[in-house]
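Chain residues, written in single-letter form:
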Amino acid sequence: MNRIILFVMSISALSGCTNYERIPQSAYTLESPILSDTGFSFIKAKDYTIYQGNDINSTSIDWEQPVTKPSTRNTFDRSIYALVSKNNKDTLYISNRLIPFKKTLNFRDLGGIKTQEGRQIKWGKLYRSGKFDKVKKSEIEVMEKMKIAKVIDLRTHGEVADHPDKILSYSSIKWIHNPISGITYEDLEKTKKEIKQQSPQEFDGNGKMEESMLRFARDGKKDFGNIFKEILNTHPDSAIVYHCTAGKDRTGLMTALLLHSLDVDQRTIEDDYLLSNYFRYEKMEKNARLGAHIFGIENESLRPIMEVRTSYLQTSYDYINQEYGSIDQYLESMGIGEHEKNELKKRFLY
């Protein structure tokens, strides 16, 4: 369903102007420290001694020389920071979550997310994103420096044909096409027509998204399992990124399953899922404005398709729990049992 937000680029006839009202940006939902140019949010820095590394790997941290605030070198700085509590009982590893490529949206690091055992996901190993169809050669070079070895594309064949990733054009990074079953290219085209032609009373965007998330969970199990296998088969020193179009629905469900396998609690999984609204805010508002002013698409129809909502992810969970009994049994059915989960934790947790 991610591709639907691109409708403003392909509608050929004007439908008349309608009202657009900008909404406030949603909150940063993860309850974790945030690295910025001025300091660390959501913590009391005075309670910690801060150490800095010169790249994303924790082995690069200079434990001999504390720092007082982040020292970024450029836009794509991937330094890591260790925040050691004054009583030496807790260490937080922090870096930049968002990878700020100009036209690649929602590209972010899963590092720093805490598990129920108090461990953290390693920075610089697992990334999620939107499509890479407009990525620049200089940005591909940044990805190579980030040691990204694989890009896994979850989109349909039609989406890939319309907006192919440019990874292969510039790089030796391995591109893997692993479409998530459940929604076809024809389904996406049909929804584009419906959102244009139907009124908000007729077009149930919320219901469309919930149905899509159910179908991804129902039909995409083997495809999600393949992504887990690619992750486990990636060299320990390398990183991996998986993506769909907007990096929110298929990518969001894959991330929820991955975080669950790493023993992240359900509330935190939902918070990460909702971060797509935060990181895609300006893009969503631009599409809402164009949809209203140029193409006459009501915001009430478009916003449910552009956003992620807790009910969407819950629809996937409801299906999984009903059919398999639990998320763990669903993972087990795709070949991700205790052995595989322990290997994931060994590889990707501090």
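Scroll up for the structure.
Let me begin by describing the structure that accompanies this report. (Residues numbered from 1 in each chain as written. Predicted model: local features only at pLDDT ≥ 70, side-chain atom pairs only at ≥ 80, totals over all residues. Heavy atoms only, no water.)

Concerning the pairing of strand 5 (residues 81-85)
Right, on to step 1. Among the five residues of strand 5, five are classified as buried, and the element is accordingly described as predominantly covered.
Right, on to step 2. Every second residue of strand 5 is oriented toward a common face, with Tyr81, Leu83 and Ser85 on one face and Ala82 and Val84 on the other, all of them buried.
Right, on to step 3. Here strand 3 (residues 48-53) pairs with strand 5 via five bridges, running antiparallel. Residue isoleucine 50 lies in a different strand from strand 5, and its bridge partner there is leucine 83.
Right, on to step 4. As paired elements, strand 5 and strand 6 (residues 91-94) share four bridges and run antiparallel to each other. Of the residues in strand 6, the one forming a bridge with tyrosine 81 is isoleucine 94. (Buried < 20%, exposed > 50% of the residue type's maximum accessible area, 1.4 Å probe, protein only. Helix = DSSP H or I, 4+ residues; strand = E, 2+ residues; numbered from the N terminus. Pairing = 2+ DSSP bridges.)

Looking at the environment of asparagine 57
Right, on to step 1. Looking at where asparagine 57 falls in the secondary structure, it is placed in the loop between strand 3 and strand 4 (61-67).
Right, on to step 2. Judged by relative accessible area, which is 23%, asparagine 57 ranks as partly exposed.
Right, on to step 3. Between the alpha carbons of asparagine 57 and tryptophan 123 there is a distance of 7.3 Å; along the sequence they are 66 residues apart.

Topic: unusual backbone geometry
Right, on to step 1. Even without glycine at this site, lysine 147 takes up a positive phi of about 65°.
Right, on to step 2. With respect to the helices and strands, the residue lysine 147 is situated in the loop between helix 1 (137-145) and strand 9 (148-153).
Right, on to step 3. Take lysine 147: its relative accessible area is 45%, and that puts it in the partly exposed class.
Right, on to step 4. A positive phi angle, near 70°, is found at aspartate 263, a position not held by glycine.
Right, on to step 5. With respect to the helices and strands, the residue aspartate 263 is situated in the loop between helix 7 (250-261) and helix 8 (266-279).

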